[in-house]
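Each chain is listed here by its residues.
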Amino acid sequence: MSTKPAVTGFYEMPPTRDPRGLTPLRITADVANRAIADAGLEKGQIDGLLTGQTMGDGFTMLWPTVVVDYLGLDVRYMNTVENGGGSSTGMLWRACAAIEAGMCDHVLCVVGDVWDSKTLSFNPPPFPKVAREFDEPYGLVGATPGYAMLTRRHMHEFGTKPEQLAKIAVDQRKNAMANPTALYGNKAIEIEDVLNSRVICDPVHLLEVVSPCTGGGAFVVSRGDYAERGPNPPVRLLGAAEAGGNRSIIYATHAPKYTTSMVKRAADELFKKTGLSRSDMDFAQIYDCYTVVVLMTIEDAGFCVKGQSGAFAEDHDLTFAGDFPLNTHGGQLSFGQPGLGGGMTQVMEAIRQLMGRGEARQVKNATKGYVANGGIVGQHCGLILAN
Amino acid sequence: MVDFSKPLPNPTPDSQPYWDSLKAHRMSLQKCTACSSFIHYPRSRCPECGADAFEWVPVSGRGTVYTYTIARMPTHPAFGKDAPYTIAIVELEEGVRVTSNVIDCAPEAVKVGMPVEVVYEDVNDEITLAKFKPAA
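Just so we're clear, the structure is a prediction, and the values are computed from it rather than from any experiment.

1. Considering the overall build of chain A
What chain A contains, in helices and strands, is 13 helices and 12 strands. Computed over the C-alpha atoms, the radius of gyration of chain A is 19 Å, within 12% of the 21 Å expected from 2.2 N^0.38 for a compact globule of 387 residues. By principal-axis analysis of the C-alpha atoms, chain A measures approximately 55 × 45 × 40 Å. A burial count over chain A gives 62% of its 387 residues as buried. The contacts in chain A between residues at least 6 apart in sequence include a share of 76% that link residues at least 24 apart.

Next comes the structure, spelled out in structure tokens:
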């Protein structure tokens, strides 16, 4: 019998464009209590907390303290995991590590965030001062121009085509149409629709840009002995690998290997230490703030030859029923990006698939999955999960 | 109506010599005297070897466009009237890369690998930005 910690329950709020009446704490409390119940636990049994930062509360100090207080928890372990898009996969392995270190028995991992386009679009929490000093005076503000420059260079070095980038958005939309909670699941899109959508920062089109929204998710990681008798099939962590370090501020301006992402080093380590092959993965849930991030993650994680991810996207059916099921919830591009909890959507979907709760979009016989979180130019955390 | 002004650098003790060099229209870069690495952005310790001794070396201001984007939509409200404009990463001859803009050039004419040279844009009495134009 496995004694390794495992995910025992989860809950994800359907994302919404309407932030009225919602705060990060309200969402956090709601998804947390539902995830605890899903794991078959009482709130008093939760003795660890990992949480993410929020834009909706303004990136404030002492956030874990506030969350623990708001929820009425008494914990033996708590922290914020703030690695940008790499935060939620980062929570999962940190929860397992804390349990294995004997710090606690049941760790609640939770993110809830509110995006109010009327205020936050023009007044987001500030980036570090070095970014404001060296990037922002030239208009490199926010993520889109940074990823547009990465897209351009990838096209230049590898011949990646706009149609190949667009295929990511198209197939993920097909997945969203099988997910009733996805924000953009109502209307199919074709490659021409992506390429005809408004250019935001050339060569990136509107339908290749993630759409911020309000939402959140939570999961519980429990000691292995409890996981074996809990109400859900335990979802086990087979391995995790994290990477940072690009000699840059945020958008890898100075990275020696600009078009090889943080994923490369972490994924090589991840597959080596788990002894698993890329072909063992039944699905991949890959952080997708922009289409180029998905392509680069596919190639840097070793699912194809470096530089060939464009052709890979063209040659494979990336839907939940296809030969490379990718972002089966629709990805953040079509599901929505709940503030700083975007990566949580990929973790939620991986857990859901491995618990067999994927409903209309269930990947048949899914036993192992790859989860990649992070905007890849500055930080990344990848996991292999199994049931 | 909120008044949006463009973000401006707020120099630190580490970076002041860089901004001073731009103000003098004579770009200098930080160089580690221990391992000879050029460093940008400027820091208190060399990110390559950890040393804390530097010199400031005047450079040509020539380089090539490493990559770029044409902002069709303003990336910040203060840049609203500028769109479309070109944001670029320029690789200087010394090997370091800087975030900047390519100016004096139609956005559609910018290419990866295009030779460029620095243009000093005096924003106010304190701050000069290093922008780039196609090399003569």
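2. Section: the sheet that holds strand E3 (residues 54-58) of chain B
Residue and element names in this part refer to chain B. Taken in spatial order, the three strands of this open sheet run E2-E1-E3, and their pairing is antiparallel. Here the strands that pair on one side only, and so sit at the sheet edges, are strand E2 (38-39) and E3. Both strand E1 (residues 28-32) and E3 contribute to a ladder of five bridges, which runs antiparallel. Opposite Ser28, over in E3, you have Pro58 as the bridge partner.

3. Examining the pattern of salt bridges
Residues and elements named next belong to chain A. Inspection of the entire model under this criterion finds 28 salt bridges over all chains. Note that Arg76 and Asp105 form a salt bridge whose closest N and O atoms lie 3.9 Å from each other. With Arg76 in the loop between helix H2 (63-71) and strand E3 (77-80) and Asp105 in the loop between helix H3 (87-100) and strand E4 (106-113), the pair connects residues that are 29 residues apart, well separated along the chain. The partly exposed category is assigned to Asp105, whose relative accessible area is 24%.

4. Some thoughts on a nonpolar patch on the surface
Residues and elements named next belong to chain A. Among the surface-exposed residues, Met61, Leu62 and Val66 lie close enough to one another that they form a single nonpolar patch of about 330 Å² accessible area. With respect to the helices and strands, the residue Leu62 is situated in the loop between strand E2 (48-51) and H2. Overall, the relative accessible area of 58% leaves Leu62 in the exposed class.

5. Remarks on the domain arrangement of chain A
Residues and elements named next belong to chain A. The domain boundaries assigned to chain A delineate domain 1 (6-116 + 213-233) and domain 2 (138-208 + 236-386). Regarding the contact of domain 1 and domain 2, the summed buried area is about 2,800 Å², with carbon and sulfur atoms giving 69% of it. Contact with domain 2 buries surface across domain 1, with Phe10, Glu12 and Thr89 losing the most and accounting together for 23% of the total. Joining domain 1 to domain 2, the criterion identifies three salt bridges. Asp38 is paired through a salt bridge with Arg357; the nearest N and O atoms lie 3.0 Å apart. Counting residues per element, the ones that place at least two in the side of domain 1 that touches domain 2 are strand E1 (6-16), H3, E4 and strand E7 (212-222). Tallying contributions element by element places E1 first for the side of domain 1 that touches domain 2, with 10 residues.

6. Focus on the pairing of E2(A)
All names here are of chain A. Side chains Gly48 and Leu50 of E2 all project onto a buried face; the interleaved residues Leu49 and Thr51 project onto the opposite face, where all are buried too. Note: E2 against E3, four bridges, orientation parallel. The partner of Leu50 across the bridge, within E3, is Asn79. Considered for its hand, the β-α-β crossover made up of E2, H2 and E3 is right-handed.

7. Some details on the interface of chain B and chain A
Taken together, the contact pairs 40 residues of chain B with 32 residues of chain A. Buried area between chain B and chain A, summed over both chains or domains, comes out near 3,100 Å², and the portion from carbon and sulfur atoms is 61%. Per-residue buried area on chain B facing chain A is highest for Tyr41(B), Arg97(B) and Thr99(B); these three make up 20% of the total on that side. If you look at where chain B meets chain A, you find zero salt bridges. Run the count over chain B and chain A and you get 14 residue pairs in polar contact (both at pLDDT 80 or more). The set of elements that each furnish at least two residues to the side of chain B that touches chain A consists of helix H1 (16-23), strand E4 (62-71), strand E5 (85-92), strand E6 (97-101) and strand E8 (128-134) of chain B. Examining the composition of the side of chain B that touches chain A, we find that six residues originate from one element, E4(B), more than from any other. Split by residue class, the side of chain B that touches chain A holds 24 nonpolar, 11 polar and five charged.

The rules we used
Residues numbered from 1 in each chain as written. Chains lettered and ligands numbered in written order. Predicted model: local features only at pLDDT ≥ 70, side-chain atom pairs only at ≥ 80, totals over all residues. Heavy atoms only, no water. Helix = DSSP H or I, 4+ residues; strand = E, 2+ residues; numbered from the N terminus. Rg over C-alpha atoms; globule rule 2.2 N^0.38 Å. Buried < 20%, exposed > 50% of the residue type's maximum accessible area, 1.4 Å probe, protein only. Contact = heavy atoms within 4.5 Å. Pairing = 2+ DSSP bridges. Salt bridge = Lys/Arg side-chain N within 4 Å of Asp/Glu carboxyl O. Patch = residues over 30% accessible without salt bridge, like charges linked within 9 Å, V, L, I, M, F, W, Y side chains within 5 Å. Areas by Shrake-Rupley, 256 points an atom, 1.4 Å probe, with all protein chains shown as cover. Domains from an automatic or database assignment. Buried area = accessible area lost by both parts, 1.4 Å probe. Right-handed = clockwise from strand over helix to strand, strands pointing away. Polar contact = N/O pair within 3.5 Å; in protein donor to acceptor, adjacent residues only side chain to side chain. Nonpolar A, V, L, I, M, F, W, Y, C, P; charged D, E, K, R; others polar.

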